[in-house]
Amino acid sequence: MLRIDHKHCTGCGSCVEACPQLAVVTRRDKYKFIYPAVDNELCTLCGRCVEVCPLDKPLSAPESAGFATKYYAAKAREKRELLHSHAGGIFGLLAKAVLAEGGVVYGVAFDAYRHPAHIRVDSDHAELLEQLRGYKPVQSDTSGIYTSVRDDAERGLTVLFCGTPCQCDGLRRFLGRDYPNLILADVLCGGVTSEGIFHRYVNWLEHRVRGTIREIRFENKPAFGHSRGLRLLYRRGRFRYLLSLPAEWDTLCAMSAQGYSNRRSCGVCRYASTQRVGDLSLGRFENIRRAHPGFPYDNGASLVIVSSPKGAGLFAQIAGAVICEESDRERALSNPALTAPTRENPHRAKLLTDIYRHGFGKAAEKFGSPGIWNAVTALLRAAIPDKLVILYDRLSRKKEEKAKRN
Ligand code: SF4
Ligand code: SF4
Ligand code: SF4
């Protein structure tokens, strides 16, 4: 019988999908995080839910047969691809390569009600790919998705599934076998918040801008280059406005980074390591400036970890469309999602209760603003174009090399 451990359950949804009696349903806790619940009336004690649950089992791994993990710094060559994607825009290129050969892609999109859910995109509806782009700090609904992935894989289609490592682990356990035509790409994840908290955040932003938000992006490359930033497209009356804010003013991501707004399981996440579940792992290349001084990181750079021959095969397919430099484990470790989980803040419960009792605005007031000095330095930093910094780095390196030669 499935024991639901609220501290460690990741809400991957594998047990919900696997139950043949439909006895496992999805419930939300008081902060609107997803948890499974078993209907004892329907349960026949078959044990399938326990079998597919990744908890208390070793992490699933891709079939790698002696494959040595490879690390890369990479970015899309095409500027449009880069500007509209997270980090170096590698996911979009991989997805296009899969669709081009008649395959299907699974990733997270918001619907018209800002409900975050995994969706299936095939080549007949390639325009939906736009919705999968961009970083989303909220947990997605995977209802029906693992079955759909299995059906597509059984039909022989090339399938690319992109999700958090816990979702990839849940999917692997659900499938129970590896498919040569299924490639899993896990994202380098520091934690996710609930849909309820995310909605309260957006409502608060709408209240502040006195408009209706049409689009929210957690990266703003046109304004801030490779640095993080918030981009809000909103409507007030007959007019549309665009608001760009540096990451320091993105209260939700700041709360997440300090362990306030994440799911409890994120605070003890087992996936924060270089042992990867996906055939590929994708995320930002943090500290790229130091790790790869010659890399043109303007408008974003991805860290790509290739953990299996299948992952290597798909990454090789987009070689012509990327600028790529081989990296290594030590340099990749600058991404905190590979070293340790974002620990739960001891005041998390209080802050989340405040959000639900008094609204996001009151909780944000208590959480605190970035401070005037941080805010000014963030804006100044954002005002220097990446290209100028890269040029400065290159000139300094040349000067150093010349001095060494003399
Ligand atoms: S034991 Fe079997 S029937 Fe009962 S909840 Fe689990 S999967 Fe469903
Ligand atoms: S399978 Fe996933 S959702 Fe179900 S109990 Fe295990 S961790 Fe939680
Ligand atoms: S931090 Fe860990 S538990 Fe949380 S969503 Fe990411 S992979 Fe899952």
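The present account deals with the structure reproduced in this document. (Residues numbered from 1 in each chain as written. Chains lettered and ligands numbered in written order. Predicted model: local features only at pLDDT ≥ 70, side-chain atom pairs only at ≥ 80, totals over all residues. Heavy atoms only, no water.)

1. What about the site of ligand 3?
Keep this limit in mind: Throughout this document, a residue counts as near a molecule or strand when at least one of its heavy atoms sits within 4 Å of that molecule or strand. Here the nonpolar group is Ala, Val, Leu, Ile, Met, Phe, Trp, Tyr, Cys and Pro; Asp, Glu, Lys and Arg are the charged ones; every other residue, Gly included, is treated as polar.
Neighbouring residues of ligand 3: Thr10, Pro165, Cys166, Cys189, Gly191, Val192, Ser265, Cys266, Cys269 and Tyr271. Its residues assigned to classes, the shell around ligand 3 comprises seven nonpolar, three polar and no charged.

2. Digging into the side chain of His292
Spelled out, the test is: A run of DSSP states H or I qualifies as a helix once it reaches four residues; a run of E qualifies as a strand once it reaches two. Both are numbered from the N-terminal end. Type-normalised accessible area, obtained with a 1.4 Å probe on protein chains alone, sets the label of each residue: buried when under 20%, exposed when over 50%, and partly exposed for intermediate values. Contacts between residues were defined by any pair of non-hydrogen atoms, one from each residue, lying within 4.5 Å.
With respect to the helices and strands, the residue His292 is situated in the loop between α11 (288-291) and β12 (302-306). What makes His292 buried here is its relative accessible area of 1%. Leave out the neighbours within four places in its chain, and His292 touches Ala73, Phe285, Glu325, Glu326, Ser327 and Arg331.

3. Focus on helix α4 (residues 90-100)
With nine of 11 residues buried, α4 is to be regarded as a mostly interior element. Every buried residue of α4 is accounted for by Ile90, Phe91, Gly92, Leu93, Leu94, Ala95, Ala97, Val98 and Leu99. Positive phi appears at Gly102, one or two residues downstream of α4, with a value of about 80°.

4. Details of the pattern of salt bridges
Rules: Counted as salt bridges are all cases of a side-chain nitrogen of Lys or Arg within 4 Å of a carboxyl oxygen of Asp or Glu.
The tally for this structure, following the rule as stated, stands at 26 salt bridges. In this structure, Arg155 and Asp152 form a salt bridge, with 3.0 Å as the shortest nitrogen-oxygen distance. On the basis of relative accessible area, Arg155 is assigned to the exposed category, the value being 59%. Taking relative accessible area as the criterion, Asp152 reaches 2% and is therefore assigned buried. Between Lys366 and Asp354 there is a salt bridge, with its nearest N and O atoms 3.0 Å apart. Of this pair, Lys366 sits in helix α15 (residues 360-367) while Asp354 sits in helix α14 (residues 348-358), and the two are 12 residues apart along the sequence. In this structure, a network of salt bridges that share partners links the residues Glu81, Lys96, Glu130 and Arg133.

5. Structural notes on the nonpolar core
Put simply, the test is: Put simply, buried Ala, Val, Leu, Ile, Met, Phe, Trp, Tyr and Cys residues joined by side-chain atoms within 4.5 Å make one nonpolar core.
Tyr201, Leu205, Ile216, Leu230, Ile355 and Phe360 are the most contacted members of the largest nonpolar core, which totals 37 residues. It is helix α8 (residues 195-209) that contributes the most residues to this core, seven residues altogether. Ignoring anything within four residues of it in the chain, the contact list for Phe360 reads Ile197, Arg200, Tyr201, Trp204, Thr251, Leu252, Met255 and Ile355. Among the nonpolar cores identified, the runner-up in size contains 29 residues, and Ala109, Leu282, Val306 and Phe315 belong to it.

6. Comments concerning the sheet that holds strand β5 (residues 116-122)
Threshold: A pair of strands is considered paired only if DSSP assigns at least 2 bridges between the two. Throughout, an axis means a line fitted to C-alpha atoms (over the contacting stretch in the case of helices), and angles, computed between N-to-C directions, take values from 0 to 180 degrees.
Judged by pairing direction, the sheet is mixed, and its eight strands sit side by side in the order β5-β4-β6-β7-β11-β12-β3-β13 without closing on themselves. Either end of the sheet is taken by a strand with one partner, and the two such strands are β5 and β13 (322-327). Adjacent strand axes in the sheet meet at a mean angle of 25° when their direction is disregarded. Sitting on the sheet, α4 touches β3 (70-76), β4 (104-110), β5, β6 (159-163), β11 (280-284), β12 and β13, and the angle it makes with β4 is about 135°. Across the face of the sheet, helix α6 (residues 145-154) comes into contact with β4, β5, β6 and β7 (182-187) while running at roughly 155° to β6.

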